[in-house]
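Residues per chain are reported as follows:
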Amino acid sequence: KPIVTLTEVNKTYHGLSAPTKALQNCSLKIMPSTFSCIIGKSGCGKSTLLNAIGGLIPVDSGSILVKDHELTKLDQRELSRFRREHIGFIFQFFNLLQEQTVMENLMLPFDLNGERVDQAFVNEVIQYLDLNKLVDKFPFELSGGEQQRVSIARAVIRKPDIILADEPTGNLDRENTKQVMNLLKECQAMYSQTIIMVTHDIDLAKRADALIYMEDGQVKRYETS
Ligand code: ADP
Ligand code: ADP
């Protein structure tokens, strides 16, 4: 049974100029504990699709079913709770708070939500992502690859079912790109997480379980390896 099912989703942005159709009758199924890559030309709707799956943006019509939650029927409060409970986000520009240490950044989701911290698991993730020497530093003291490791840790640390990664290697060199990809694959294996990643990099995408080719706001082709 799929963990994500999109059925005929439409999304038009009404910007300052002409409206832009970002998703056009977009349908897609993703199975649990798989690693999917979304690829396609710039502007074809990849980020919009990812943000729709994460409950970050409203869509105009269609159905978005994620873990038995019909996102199009949830209000803002319910969506916020859905994201907290099920989704971890990783971004191209890391999105770390610069004035807080690595450890404070990692604890932030717990602080915001007033949740109890599973310190043993936090330590395991820190160990695993090789962040021991970095926990007391500030993000600006870290390299790009290190910052992305921290943001991966921040995403997995609350054990989300689904990790959504938007061009997570877009700002990294080859070596760090390879490492980030390996870490995501290991998160998938160790914690049975479902990973959905947007990338420009076709060679990287080929290392995933499924390739989702987008064009003009639609999934044109779906390949599993
Ligand atoms: P991709 O991730 O494949 O580059 P996006 O999903 O970011 O594509 O964007 C799809 C289309 O929607 C593009 O034409 C883009 O310019 C437009 N778009 C994206 N976000 C907005 C927005 N907030 N307001 C207006 N247009 C947007
Ligand atoms: P809460 O409602 O519990 O304060 P949010 O729902 O705002 O938390 O955030 C949950 C997750 O969604 C966080 O990981 C955050 O990084 C991400 N997020 C929230 N809003 C946005 C946004 N506009 N763009 C990108 N990511 C966002």
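Residues numbered from 1 in each chain as written. Chains lettered and ligands numbered in written order. Predicted model: local features only at pLDDT ≥ 70, side-chain atom pairs only at ≥ 80, totals over all residues. Heavy atoms only, no water.

Basically, it comes down to this: UniProt positions are given in the numbering used here, feature names are shortened, and annotations may be inferred rather than shown by experiment.
The chain is annotated in an unreviewed UniProt entry as ABC transporter ATP-binding protein of Faecalitalea cylindroides. Under the heading Sequence similarities (unreviewed entry), UniProt records this for the chain: "Belongs to the ABC transporter superfamily."

**Focus: the nonpolar core**
Spelled out, the test is: Nonpolar cores were defined as sets of buried Ala, Val, Leu, Ile, Met, Phe, Trp, Tyr and Cys residues, with membership established by side-chain atoms within 4.5 Å. For every residue, the accessible area (1.4 Å probe, protein chains only) is compared with the maximum for its type, and the residue is labelled buried under 20%, exposed over 50%, or partly exposed between those bounds. We call two residues in contact whenever any of their non-hydrogen atoms come within 4.5 Å of each other.
Within the largest apolar cluster, 40 residues are counted, with the highest numbers of intra-cluster contacts made by Phe35, Ile152, Leu184 and Met197. Excluding anything up to four places from it in sequence, Phe35 contacts Met181, Leu184, Lys185, Gln188, Ile195, Met197, Ala208, Asp209 and Ala210. With 29 residues, the next largest nonpolar core counts Cys44, Val66, Phe89 and Val198 among its residues.

**Overview of helix α1 (residues 46–53)**
Rules: Each helix is a run of DSSP H or I of at least 4 residues and each strand a run of E of at least 2, with the numbering of both proceeding from the N terminus.
Most of α1 is tucked away: six of the eight residues are buried. Among the residues making up α1, those that are buried are Lys46, Thr48, Leu49, Leu50, Ala52 and Ile53.

**As for the site of ligand 1**
Using the following cut-off: Nearness is defined per residue: one heavy atom within 4 Å of the molecule or strand is enough. Contacts described as polar in this section are N or O atom pairs within 3.5 Å, which, within protein, must combine one atom able to donate a hydrogen with one able to accept it, while residues neighboring in sequence count only if both atoms come from side chains. Each accessible area is a Shrake-Rupley estimate made with a 1.4 Å probe; only the visible protein chains count as cover when residues are assessed. Under the convention adopted here, Pro, Cys and the residues Ala, Val, Leu, Ile, Met, Phe, Trp and Tyr are nonpolar, Asp, Glu, Lys and Arg are charged, and Gly plus all remaining residues are polar.
Neighbouring ligand 1 are Tyr13, Thr20, Ala22, Lys41, Ser42, Gly43, Cys44, Gly45, Lys46, Ser47 and Thr48. For ligand 1, an oxygen atom lies 2.7 Å from a polar atom in the backbone of Gly43. Between ligand 1 and Cys44, the relevant distance is 3.2 Å, taken from an oxygen atom to a main-chain nitrogen or oxygen of the residue. Out of a free accessible area of 560 Å², ligand 1 has 60% covered by protein chains. Among the elements of the structure, β2 (20–30) and α1 are those that each provide at least two residues to the shell around ligand 1. Per element, the largest residue contribution to the shell around ligand 1 is three residues, and it comes from α1. Classifying every residue of the shell around ligand 1 by side-chain character gives three nonpolar, six polar and two charged.

**A short note on the side chain of Ser36**
Structurally, Ser36 is set in strand β3 (residues 35–39). In this structure Ser36 comes out as buried when scored by relative accessible area, which is 0%. The residues contacting Ser36, other than those within four sequence positions of it, are Ile30, Ile195, Ile196, Met197, Ala208, Ala210 and Ile212.

**Examining unusual backbone geometry**
Despite not being glycine, Lys159 has its phi angle at roughly 50°, a positive value. Its location among the elements puts Lys159 in the loop between α5 (144–156) and β7 (162–166). Unlike most non-glycine residues, Glu167 shows phi in positive territory, near 50°. You can see Glu167 is positioned in the loop between β7 and α6 (174–191). You can call Glu167 buried: its relative accessible area is 11%.

**Some points on the pattern of salt bridges**
Think of it this way: side chains of opposite charge can pair up when their charged atoms draw near. Here is the rule: Salt bridge, as used here: a side-chain nitrogen of Lys or Arg that lies within 4 Å of a carboxyl oxygen of Asp or Glu.
Evaluation of the coordinates by the stated rule reveals five salt bridges. Across the salt bridge formed by Asp68 and Lys1, the nearest N and O atoms sit 3.0 Å from each other. Of the two residues, Asp68 is situated in the loop between β4 (61–66) and β5 (69–70) and Lys1 in the segment before β1 (4–13); the sequence distance between them amounts to 67 residues. On the accessibility criterion, Lys1 (70% relative accessible area) is exposed. Of the charged contacts in the structure, one is a salt bridge between Glu223 and Arg221, with a shortest N-O distance of 2.3 Å.

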